[in-house]
Amino acid sequence: MADPITKLRAACLSRGAHGIMGLGRLFRIIDDDGSKSLNFSEFHKGIDEYGLGFSRNEIQEIFNVFDKDGGGTIGNTEFIRALRPPMSQSRIDVINKAFDKMDKSKDGNINLADMRGVYIATKHPKFLSGEWTEDQVFRHLLDVFDTPGQGDGTITRDEFTNYYAGVSASIDDDVYFDQMMRSAWRLD
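Bear in mind that the values here come from a model prediction, so they are computed numbers and not experimental data.

Visitor: What is the right way to read the overall build of the chain from this model?
Guide: The helix and strand inventory of the chain stands at 11 helices and 4 strands. C-alpha atoms of the chain, sized along the principal axes, occupy 50 × 35 × 30 Å. Relative to its full complement of 188 residues, the chain shows a buried share of 38%. Restricting the contact set of the chain to residue pairs at least 6 apart, pairs at least 24 apart contribute 55%. Just so you have it, the chain exposes about 10300 Å², and 51% of that area is on carbon and sulfur atoms. With 23 positive and 30 negative side-chain charges, the chain shows a separation of 5 Å between the mean positions of the two kinds.

Visitor: Is there a simple way to think about the nonpolar core in this case?
Guide: Nonpolar side chains in soluble globular proteins tend to be buried together. With 23 residues, the main nonpolar core has Phe160, Tyr164, Met181 and Trp185 as its most contacted residues. Contributions of two or more residues to this core are made by α6 (89-102), α9 (134-145), α10 (157-168) and α11 (174-185). Here Phe160 is in contact with Ile95, Ala98, Phe99, Ile110, Phe145, Ile155 and Trp185, once residues within four sequence places are set aside. Grouped together as the second largest cluster of nonpolar side chains are 21 residues, Ile5, Cys12, Phe43 and Tyr50 included.

Visitor: Which parts of the structure should I look at to understand the environment of Asn76?
Guide: Tracing the chain through its elements places Asn76 in helix α5 (residues 76-83). Residue classification places Asn76 among the buried positions, given a relative accessible area of 8%. A sequence separation of 41 residues divides Asn76 from Ser35, and the C-alpha atoms of the two residues are 9.5 Å apart. Ignoring any residue separated from it by four or fewer positions in sequence, one finds Asn76 in contact with Phe27, Arg28, Asp31, Lys36, Ser37 and Leu38.

Visitor: Would you mind showing me how to read the packing of aromatic side chains here?
Guide: How two aromatic rings sit relative to each other is given by the distance of their centres and the angle of their planes. Scanning all chains against the criterion turns up 11 aromatic pairs. Here Phe145 and Tyr164 contribute two aromatic rings whose centre-to-centre distance is 5.8 Å and whose plane-to-plane angle is 40°, an arrangement assigned as tilted. Taken together, the positions of Phe145 in helix α9 and Tyr164 in helix α10 put the pair 19 residues apart, joining distant regions of the chain. Accessibility classification places Phe145 together with Tyr164 in one group, the buried group. Aromatic side chains Phe160 and Trp185 sit 5.7 Å apart centroid to centroid with 55° between the ring planes, which places their arrangement in the tilted category.

Visitor: Looking at this structure, I do not really get the packing of α6 against α11. What am I missing?
Guide: The description of two helices packed together rests on the angle between their axes and the distance between the axes. Following both chains from N to C, one finds α6 and α11 inclined at 5°, their axes separated by 9 Å at the closest point. Judged by the inter-axis angle, α6 sits roughly parallel to α11. Contact residues: Ser90, Arg91, Val94, Ile95, Lys97, Ala98, Lys101 and Met102 in α6; Asp174, Phe177, Asp178, Met181, Arg182 and Trp185 in α11. Among the residues making up the contact of α6 with α11, the classes are represented as 7 nonpolar, 1 polar and 6 charged.

Conventions adopted
- Residues numbered from 1 in each chain as written.
- Predicted model: local features only at pLDDT ≥ 70, side-chain atom pairs only at ≥ 80, totals over all residues.
- Heavy atoms only, no water.
- Helix = DSSP H or I, 4+ residues; strand = E, 2+ residues; numbered from the N terminus.
- Buried < 20%, exposed > 50% of the residue type's maximum accessible area, 1.4 Å probe, protein only.
- Contact = heavy atoms within 4.5 Å.
- Areas by Shrake-Rupley, 256 points an atom, 1.4 Å probe, with all protein chains shown as cover.
- Lys, Arg positive; Asp, Glu negative; His and termini not counted.
- Charge placed at Lys NZ, Arg CZ, Asp CG, Glu CD.
- Core = buried A, V, L, I, M, F, W, Y, C linked by side-chain atoms within 4.5 Å.
- Phe/Tyr/Trp six-rings, centres within 6.5 Å; stacked < 30°, edge-to-face > 60°.
- Axes fitted to C-alpha atoms, helices over the stretch in contact; angles between N-to-C directions.
- Parallel < 35°, antiparallel > 145°, perpendicular 65-115°, else oblique.
- Nonpolar A, V, L, I, M, F, W, Y, C, P; charged D, E, K, R; others polar.

Structural data, given as structure tokens:
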């Protein structure tokens, strides 16, 4: 029988590309006290509401694994990151290559000015339809990578990597992941 963390990871991934990300969204919603951490009651409620079918004992066991300091709470972000399968070095390397291409100013962050030099917003369907301005297209793209609920208009390497760690969790093949990244970011 698989350990509870492996079972939880498999259950989330069986829901497709957004399984783990969906669980993270749900946990932010059920963080009743807004502490950005979950006590056991909130955690249990989240697992139940997500419909993963774990027993109370399994949920307690999973909670205990993530409550590393025994303080009775687990951080949402740390939980989601730990739940994702680890990425291979080749995936990390191609993610870094894409980030470096976007970071035109080489300051370790991607902002609107960096994006203007790489991304052609005028080809976006919402720009073409007249729904969005060029700036709105760029802002939307920044929001996709930015830490949820903490959008500051700047993407750090960690945020970029974290986004692609979520994408990576749903792709089994390293070669396919590499090709997808190279195609999306026009890497050589």
